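# Observations on chain architecture
This is what each chain is made of:
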Amino acid sequence: MSEDGEDTTQVLRLDLPEAPTVLIVDDDDLVLARLQELVTAAGYAVRTAGTGEEALKLLEKSAASIVITDLSMPDMNGLDLCRRIRAHVWPGYVYIVLLTVRNEEKDILAGLDAGADDYLSKRTSAAQFTARLRTAKRVLALEYSLKSALEKKRQMAMTDALTGAYNRHYFTRHFGREMKRAQRFGGEVSLLLLDVDHFKQVNDSYGHGVGDIVLKRLAKVIAKCLRRDTDWCARIGGEEFALVLEGTTLAEAGLRAEKVRQTIAGTSIETPKGALHITVSIGISGLEEFSNREFATVQLLLEHADVNLYASKARGRNCVTLPDSNGSLEIEEPRDRRLKQVNAMQGAKS
Amino acid sequence: MTPCSRESQVQAKVDSLTEQFLRRAGADVIRLREMNERIRHGDLTALEEVERVAHSIHGAGALFGFPGISAAGGAIERLAEERLANASAFSATQESALLRQLLECTEQLAHRVNAAAHTEPSSAGMFQ
């Protein structure tokens, strides 16, 4: 059973988003025309190819999910075409039907061994032929359902179920990758650590249901403040969010953080207990702080941002704190500084 | 477009393709006779074309609902295939027997194509 209560063993809705495209391959123009008529009348999009090579080129340009191919063709026969299709990676499964007048046991076995899913005689009735197409469609729908379920699970594994923002696991993994990329190829990465001011009071006064509504709305407001392609946000704690800004200097990060802070402060959040206004405190860190960028790690940047977040809380909340502007920090410094600051502002953070 | 008019359009297309198939089969019979003549004069390279034409009749005949035509095409295809697969093993007597069989099957095919032009396709093919 999944977190949202859906039984994940029952996700196999056998529907495809659109009718599959059928590619018919035969070296006989009349056979192609007849099959095209039949398959089109059955409601499928159809493309045709006169040779195996032409079929492969068409598949590469725009994949078809069902291929109906003749067995005996000059140059590349149906068996070779099956093997070539199976040797390639396509966006989805390609269901192959061998359609031939040869129906001896050895031909059928050779066809199935070459990768065909079905083997039909050209003497087959139109009714049986279209029924076999429906079978192909069911198999493709099953594959589609499984892929959708897997994609849903992949999304669930990297997103926070409440807010839809990325989760801490995703943050740790992807922020680390972005840091390494920037360290190797140059460029800046900045981190904003954002914490809701007095969030405990929201929960205590209005209940956790209202607290959840506030967090959901907050995630949406943050998302609107981000640049679509390069910035992203993760919920890494109860009411704590990390905003990763690629290619952004500390000064630019400061401006963006201020915009986020102001937008949140100016937002009225509708809840069953009435409209609420919240504020956030933000601490910033970035690769730019490090004189030797190789020493920067996810953990260090988080610590730097956390120190600055504490500083924002200490300064009365609803504000943004950048790293010291008087030069780069040494890697040991944040820990010492943090200890001093934590001691100085005991109880400041809530 | 109503389902009826769509159906009649499909039927008209099907009828047209059937006519084309029978016309082509008639032309194929003439070509097969010519190639048989070349084979009779010792030109065995014509066998490859015989096999190709016969294979096409074999497959399309079945698909268009003419099992008799398909079977006759299949018989010619098998004869050509067998001879091509055993190029050096055929004696003069076997060559002569092969040619006789090819001629017989071709005439049988001609008869069936001619008869099919005056009858409806069988319900066994995809046209039905």
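Once a new chain begins, its residue numbering starts again from 1 and follows that chain's sequence as written. Both sets of labels track the order of writing: A upward for chains, 1 upward for ligands. Totals for whole chains, interfaces and linings use every residue, but because this is a predicted model, local features are given only for residues with pLDDT of at least 70 and side-chain atom pairs only at 80 or more, for both listing and counting.

Further remarks concern the overall build of chain B. Along its length, chain B carries four helices and zero strands. The contacts of chain B with a sequence gap of at least 6 include a subset with a gap of at least 24, amounting to 71%. Helical segments are the DSSP runs of H or I of at least four residues, strand segments are the runs of E of at least two, and each set is numbered from the N terminus. With C-beta atoms placed from the backbone, a contact is any residue pair whose C-beta atoms sit within 7 Å.

For chain A, the count of helices and strands is 11 helices and 12 strands. Considering only intrachain contacts with a sequence separation of at least 6, the fraction spanning at least 24 residues in chain A is 69%.

Another aspect to go through is the sheet that holds strand β3 (residues 66–69) of chain A. Residue and element names in this part refer to chain A. Pairs of strands are assigned from DSSP output, requiring at least two bridges between the strands. Spatial strand order, β2-β1-β3-β4-β5: five strands in an open sheet with parallel pairing. With partners counted over all chains shown, the strands left at the sheet margins are β2 (45–49) and β5 (118–121), one partner each. When the angles between neighbouring strand axes are averaged without regard to direction, this sheet yields 20°. Examined bridge by bridge, strand β1 (residues 21–25) and β2 share five bridges and lie parallel to one another. By the bridge assignment for β2, I24 is matched with T48. Axis lines are fitted through C-alpha atoms, for helices just across the contact stretch, and the angle between N-to-C directions can take any value from 0 to 180 degrees.

Take the environment of A116 of chain B next. Mapped onto the fold, A116 of chain B is located in helix α4 (residues 92–116). Along the sequence, A116 of chain B and L22 of chain B sit 94 residues apart, while their C-alpha atoms lie 7.7 Å from each other.

The next subject is the confidence of the model for chain B. One rule of thumb: low pLDDT means the predicted coordinates there are not for detailed reading. Residue and element names in this part refer to chain B. Confidence of the predictor in every single residue is expressed as pLDDT, which spans 0 to 100. In the predicted model, chain B carries a mean pLDDT of 87, and the fraction of residues at 70 or more is 90%. Within chain B, the lowest mean pLDDT, 89, falls on helix α1 (residues 3–40), and the highest, 94, falls on helix α2 (residues 46–63). The complex prediction reports pTM at 0.69, with the ipTM value standing at 0.85.

Turning next to the confidence of the model for chain A. A residue-level look at chain A finds 88% of positions with pLDDT of 70 or above and a mean pLDDT of 88. In this model residues 326–350 of chain A is a low-confidence stretch, pLDDT under 50, and it forms 31 contacts with partners more than four residues away in sequence or in other chains.

Let us look at helix α3 (residues 78–87) of chain A. In an α-helix there are 3.6 residues to a turn, and that puts residues three or four apart on one side. All buried positions along α3 of chain A are accounted for by G78, L79, L81, C82 and I85 of chain A. Looking straight down α3 of chain A, one finds its buried side chains confined to an arc of 160°; they lie on one side. Residues are called buried when their C-beta atom has 20 or more other C-beta atoms within 10 Å, exposed when it has 12 or fewer, and partly exposed otherwise; all C-beta atoms are positioned from the backbone. What the arc describes is the spread of directions from the helix axis to the C-beta atoms.

Between chain A and chain B, the contact holds 18 residues from the first and 22 residues from the second. Listed by contribution, the elements that provide at least two residues to the side of chain A that touches chain B are α1 (29–41) and α5 (126–158) of chain A. Counting residues per element, the side of chain A that touches chain B draws most heavily on α1 of chain A, at seven residues. Of the residues belonging to the side of chain A that touches chain B, the class tally is eight nonpolar, four polar and six charged. For this classification, the nonpolar set comprises Ala, Val, Leu, Ile, Met, Phe, Trp, Tyr, Cys and Pro, the charged set comprises Asp, Glu, Lys and Arg, and every other residue, Gly included, is treated as polar.

Turning to the packing of helix α7 (residues 199–206) of chain A against helix α8 (residues 208–225) of chain A, a few remarks are in order. Residues and elements named next belong to chain A. Relative orientation of the contacting elements α7 and α8 amounts to 140°, with a least axis distance of 6 Å. By the angle between their axes, α7 is oblique relative to α8. Along the contact surface, α7 presents F199, V202, N203 and Y206, while α8 presents H208, V210, G211 and V214. Of the residues that constitute the contact of α7 with α8, the class distribution is five nonpolar, three polar and no charged. Note on angle classes: values under 35 degrees are labelled roughly parallel, values over 145 roughly antiparallel, values of 65 to 115 roughly perpendicular, and the remainder oblique.

Let us now look at helix α10 (residues 298–314) of chain A. Residue and element names in this part refer to chain A. For α10, built from 17 residues, the straight-helix expectation of 24 Å at 1.5 Å per residue is met to within 8% by its first-to-last C-alpha distance of 24 Å. When you tally the buried positions in α10, you get 12 out of 17 residues, the bulk of the element. Of the positions making up α10, those classed as buried are L301, L302, H304, A305, D306, V307, N308, L309, Y310, A311, S312 and K313. Given a helix with a known number of residues, its expected span is that number minus one, times 1.5 Å.

To continue, consider the nonpolar core. One broad trend across soluble globular proteins is that nonpolar side chains are buried collectively. The term nonpolar core refers to a group of buried residues, namely Ala, Val, Leu, Ile, Met, Phe, Trp, Tyr and Cys, whose C-beta atoms join them within 7 Å. In terms of nonpolar packing, the biggest core is built from 65 residues, with V22, L23, I66, V67 and I96 of chain A together with V50 and I76 of chain B touching the most fellow members. Residues contacting I66 of chain A, with those up to four places away along its chain left out, are P20, V22, Y95, V97, L133 and A136 of chain A.

What follows is about the packing of α2 of chain B against helix α3 (residues 67–85) of chain B. All names here are of chain B. Put simply, α2 and α3 touch, their axes get as near as 7 Å, and they point 150° apart. Of the possible angle classes, the one that applies to α2 and α3 is roughly antiparallel. Here the hand of the crossing between α2 and α3 comes out left-handed. Here L47, E48, V50, E51, A54, H55, I57, H58, G61 and A62 of α2 lie close against α3, whose contacting residues are P67, I69, S70, G73, G74, I76, E77, A80, E81, R83 and L84. Crossing handedness follows the turn of the near helix against the far one: under a right angle anticlockwise gives a left-handed crossing, and clockwise gives a right-handed one.

All names here are of chain A. Looking at the element boundaries, V298 is found in helix α10. Sequence separation between V298 and E178 is 120 residues, and the spatial gap between their C-alpha atoms is 9.8 Å. Other than its neighbours up to four places away in sequence, V298 contacts T172, F175, G176 and M179.

Turning next to the sheet that holds strand β12 (residues 320–321) of chain A. Neighbouring strands of a sheet are bound in pairs by backbone hydrogen bonds; such pairs are parallel or else antiparallel. Residue and element names in this part refer to chain A. Strand order in this open sheet of five strands is β7-β8-β6-β11-β12, and the pairing throughout is mixed. Only two strands of the sheet have a single neighbouring strand rather than two, namely β7 (231–235) and β12. As paired strands, strand β6 (residues 189–196) and strand β11 (residues 280–286) are joined by seven bridges and run antiparallel to one another. Among the inter-strand pairings, V196 is bridged to a residue of β11, identified as V280.

The subject of this paragraph is unusual backbone geometry. All names here are of chain A. Of note, the phi angle at D75 is positive, near 70°, even though the residue is not glycine. Among the secondary structure elements, D75 is positioned in the loop between β3 and α3. Positive phi values are uncommon outside glycine, yet N318 reaches one of about 50°. The exposure class assigned to N318 is partly exposed, which follows from the 17 C-beta atoms found within 10 Å.

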